[in-house]
2 protein chains.
Amino acid sequence: MSTLANAPYHHGNLRQALLEAALIILDREGEAGLGLRDLARAVGVSAAAPYRHFDSRAALLEALAVTGFQRFAATMEAVAATNPVDPMSAMGKTYVFFALENANLFRLMFSPQLKKEGRPGLKMAADAAFETLRHIVGGDIRAGRIKALAAWAKVHGLAILLLDGQIAVRAGEDTEALIAEIIGSL
Amino acid sequence: MSTLANAPYHHGNLRQALLEAALIILDREGEAGLGLRDLARAVGVSAAAPYRHFDSRAALLEALAVTGFQRFAATMEAVAATNPVDPMSAMGKTYVFFALENANLFRLMFSPQLKKEGRPGLKMAADAAFETLRHIVGGDIRAGRIKALAAWAKVHGLAILLLDGQIAVRAGEDTEALIAEIIGSL
DNA sequence: ACCCCAGTGTTAACGGTGCTCACATATATT
DNA sequence: AATATATGTGAGCACCGTTAACACTGGGGT
C-alpha cells in the first residue's frame, strides 16, 4: 500500500520533481546555493537518490540549462507569432527581458562552468535555440552575417550588463524604456 | 638570518605572492580550479596561512578581480595614449582582446558569484575602470548616453560571446578581422 | 501465480573543501 | 631586554559531491 500513508518508497517520477525543485531553488538562491543535499531534502528523498537520475551535479545543472534554452526559444517564438511591426527590436526586447526575468537561469545557461566542450547536450540545446532565433529574424538579416552578429552581441551584452547591475538605471527612469532606446539605437 | 637555507618561517610578503600565484592558476585552470590548499602549497605555505591575508576565498577572488579591473583600465589608457585615428573602434578592439587574452580573469571580473552588493571594493574598482573608459572616449560620446551604452553593450556582448565560443569563427577566418568588422558595423 | 530482476531508493562512508582555533615563531615597539 | 603584535603551523570541524553495499518494489516471462 503506497497509496496513502506517508512517503512511498519509490517516489514516482523523481527526475522531474528534482528538476522542478531545482529550478525554484536556482531562481531564489542562484547556482551556488543549489546543493544536492538540500535539493534532495526539498523533494523528500535521500542525498544519494539524485544520482539515479543524474550522473553528477554538473549533469543536473546541464539539464537545467537545457530547459532554459528551450524556454528561451519558446518565448522568442511566442513573441514572433504575434507578428510585431518591428520584429528585430521586439526580439531584442524579449531577449533582454527573458534574461532579467530569469536571471539565475540565464546566468546558468551561459555559465563558464558548463563549458560546452564535453557537454554536447548543452551545446545542442543552445545551438537549437539560436537556430530558431536565426530563423525567426531571418528576413531581416539578409543585411549580412556581420550585422546579425553585431545585433546579437549588443542585445546579449545589454542583458548581461543589466543583470550585473553595471548599467545604472537612474532614479525614476523606466528600465523598459531605456532598453527599448538602446536596442533602437543601431 | 632567514636569508639562505630553506624556507624562512615568515614568508616576507605572502599576500603579494599569493595573488601572483593565484593569477597564474586562475589563468590556467579557471576559477573553479583555484583551491586554497593548492594555492598555499604552490607558494610553499600551510593551508591556513592565506587566512592571515584574506578573510575568505571570496575575498581572495575579489582581490584578483580588482587587479583585473586595474589592468583593464591600464590597458585601455595605454591604447588611448597612442592617439589612434578612430578612438572608439580602437577601444572596442582592445576591450575584446583583453577579454580573450585574459579569459578567466575577465570572467571572474564579471562573475555573478562576486555580487557587487556587499562587495564594495570590487564595485569601486569596476566603477573606476569604467570611469576612465568614459573619460577616454568622452569626446566621442557627446552623441549621448544611449549611444554610449549601446556601444558598450555591443562590445561587452561580443567579448562574452566569443569567450564562450558562441560566435563560431569559421575555418580560415581571421578572428581579429571579424572583431573589427563587427565593431565597425554601428 | 510465481519468481526474479532491473529500477529506484537508503544508509554509511570516503576524500576533499573552506574555514577556525590553539599554539609556535618571528618582527616591531618600548 | 621584555613584551606586544603580526604572521605561519597543525589539527580538526562541518559540509560537500560522490560512491558502494544493501533494501524495497513493481512488472515481465515462464
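Small disclaimer: the values here were computed from a predicted structure and weren't measured.

Reading guide: rules and limits
- What you see as residue numbers is a count from 1 along each chain, following the sequence as written.
- Each chain gets a letter, beginning with A, and each ligand a number, beginning with 1, in the order they are written.
- The model is predicted, so local features are restricted to residues of pLDDT at least 70 and side-chain atom pairs to those at 80 or more, both for listing and for counting; the totals for chains, interfaces and linings are taken over all residues.
- Derived side-chain values reflect all non-hydrogen atoms in the structure, with water molecules and hydrogen atoms excluded from consideration.
- Going along the chain from the N terminus, every DSSP run of H or I of four or more residues is numbered as a helix, and every run of E of two or more is numbered as a strand.
- For every residue, the accessible area obtained with a 1.4 Å probe (protein chains only) is divided by the maximum for its type, and the residue is called buried under 20%, exposed over 50%, and partly exposed between those limits.
- In this analysis, two residues are considered to be in contact whenever any of their non-hydrogen atoms come within 4.5 Å of each other.
- Shrake-Rupley sampling with a 1.4 Å probe provides the accessible areas, and residues are treated as covered by the protein chains on show and by no other component.
- Charged-residue counts in this description rest on Lys and Arg as positive and Asp and Glu as negative, His and the chain ends being excluded.
- We put the charge of a Lys on NZ, of an Arg on CZ, of an Asp on CG and of a Glu on CD.
- A least-squares fit on C-alpha atoms brings the copies together, and the residues used are those whose pLDDT is at least 70 in both copies.
- Buried area, as used here, totals the accessible surface that two parts lose on assembly, with accessibility defined by a 1.4 Å probe and the loss added over both.
- Salt-bridge detection follows one rule: a side-chain nitrogen of Lys or Arg within 4 Å of a carboxyl oxygen of Asp or Glu.
- Polar contacts here mean pairs of N or O atoms no more than 3.5 Å apart (in protein, one a potential hydrogen donor and the other a potential acceptor; neighbouring residues in sequence count only if both atoms are side-chain atoms).
- An automatic or database domain assignment provides the domain bounds reported here.
- As a working rule, the residues Ala, Val, Leu, Ile, Met, Phe, Trp, Tyr, Cys and Pro are called nonpolar, Asp, Glu, Lys and Arg charged, and the rest polar, with Gly in that last group.
- Working definition: a ring pair exists when centres of Phe, Tyr or Trp rings (six-membered ring for Trp) sit within 6.5 Å. Plane angles under 30 degrees give stacked, over 60 give edge-to-face, the rest tilted.

Engineer: So what exactly am I meant to see when it comes to the overall build of chain A here?
Structural biologist: When its secondary structure is counted, chain A shows eight helices and zero strands. Shown N-terminal to C-terminal, the secondary structure of chain A runs as helices and strands in the order α-α-α-α-α-α-α-α. Referenced to the eigenvectors of the C-alpha coordinate spread, the extents of chain A come out at roughly 65 × 40 × 30 Å. Classification of the 186 residues of chain A by burial places 46% in the buried group. Counting only contacts in chain A whose residues sit at least 6 apart along the sequence, the fraction spanning at least 24 positions is 70%. Looking at chain A as shown, the accessible area adds up to about 10000 Å², and 54% of this sits on carbon and sulfur atoms. For chain A, the distance from the average position of its 19 positive side-chain charges to the average position of its 19 negative side-chain charges is 6 Å.

Engineer: Whenever I open this one, the relation of the copies chain A and chain B confuses me. Can you help?
Structural biologist: Both copies of the chain are tied together by a single rotation about an axis and a shift running along it. Superposition of chain A onto chain B requires a rotation of 180° combined with a translation of 0.0 Å along the rotation axis, giving an RMSD of 0.1 Å. These values place the two chain copies in the arrangement generated by a two-fold rotation axis. A shared binding surface is used by both copies, with 100% of the interface residues of chain A retained as interface residues in chain B.

Engineer: Mind showing me how you'd approach the interface of chain A and chain B here?
Structural biologist: For interface size, the figure often reported is the accessible area lost on association. Taken residue by residue, the interface counts 32 residues in chain A and 32 residues in chain B. Between chain A and chain B, a total of about 2800 Å² is buried, with carbon and sulfur atoms accounting for 67% of that surface. For chain A, the biggest contributors to the area lost against chain B are A:Arg145, A:Ile146 and A:Gln166; these three give 20% of the whole. Linking chain A with chain B are two salt bridges, by the criterion used here. For A:Arg145, the salt bridge identified is with B:Glu173, shortest N-O distance 3.0 Å. Where chain A touches chain B, the interface holds four residue pairs in polar contact (both at pLDDT 80 or more). Every element with two or more residues in the side of chain A that touches chain B is listed here: α6 (120-136), α7 (145-163) and α8 (175-184) of chain A.

Engineer: Any chance you could explain the environment of A:Asn83 here in plain terms?
Structural biologist: Checked against the element boundaries, A:Asn83 lands in the loop between α3 (57-80) and α4 (87-101). Here A:Asn83 falls in the exposed class, since its relative accessible area comes to 65%.

Engineer: Teacher, can you tell me more about the domain arrangement of chain A here?
Structural biologist: Residues and elements named next belong to chain A. For chain A, the assigned domains read domain 1 (1-54) and domain 2 (56-184). For domain 1 versus domain 2, the separation of C-alpha centres amounts to 29 Å. Facing the 15 residues of domain 1 at the interface are 13 residues of domain 2. Between domain 1 and domain 2, roughly 1200 Å² of surface is buried when both sides are summed, and carbon and sulfur atoms account for 69% of that area. Its largest share of buried area at the contact with domain 2, domain 1 owes to Leu23, Glu31 and Phe54, together 43% of the area lost on that side. At the junction of domain 1 with domain 2, the criterion picks out one salt bridge. On inspection of domain 1 and its partner domain 2, the count reaches six residue pairs in polar contact (both at pLDDT 80 or more). Here the element with the most residues in the side of domain 1 that touches domain 2 is helix α1 (residues 14-29); it accounts for eight residues. Residue composition of the side of domain 1 that touches domain 2, grouped by class: nine nonpolar, one polar and five charged.

Engineer: How should the packing of aromatic side chains be read in this particular structure?
Structural biologist: Pairs of aromatic rings are described using the distance from one ring centre to the other and the angle between the two planes. One pass over the full model with this rule turns up 18 aromatic pairs over all chains. For the ring pair A:Phe69 and A:Phe130, a centre distance of 6.1 Å and an interplane angle of 70° mean the geometry is edge-to-face. Within this pair, whereas A:Phe69 is found in helix α3, its partner A:Phe130 is found in helix α6, the two being separated by 61 residues in sequence. Given a relative accessible area of 1%, A:Phe69 falls into the buried group. The class for A:Phe130 is buried, based on a relative accessible area of 5%. Consider the rings of B:Tyr95 and B:Phe106, whose centres lie 6.3 Å apart with planes at 75°: the pair is edge-to-face. With B:Tyr95 in helix α4 (residues 87-101) and B:Phe106 in helix α5 (residues 103-109), this residue pair connects regions lying 11 residues apart in the sequence. Judged by its relative accessible area of 3%, B:Tyr95 is buried. In this structure an aromatic cluster arises from ring pairing among A:Phe69, A:Phe72, A:Tyr95, A:Phe98, A:Phe106, A:Phe110, A:Phe130 and A:Trp152.

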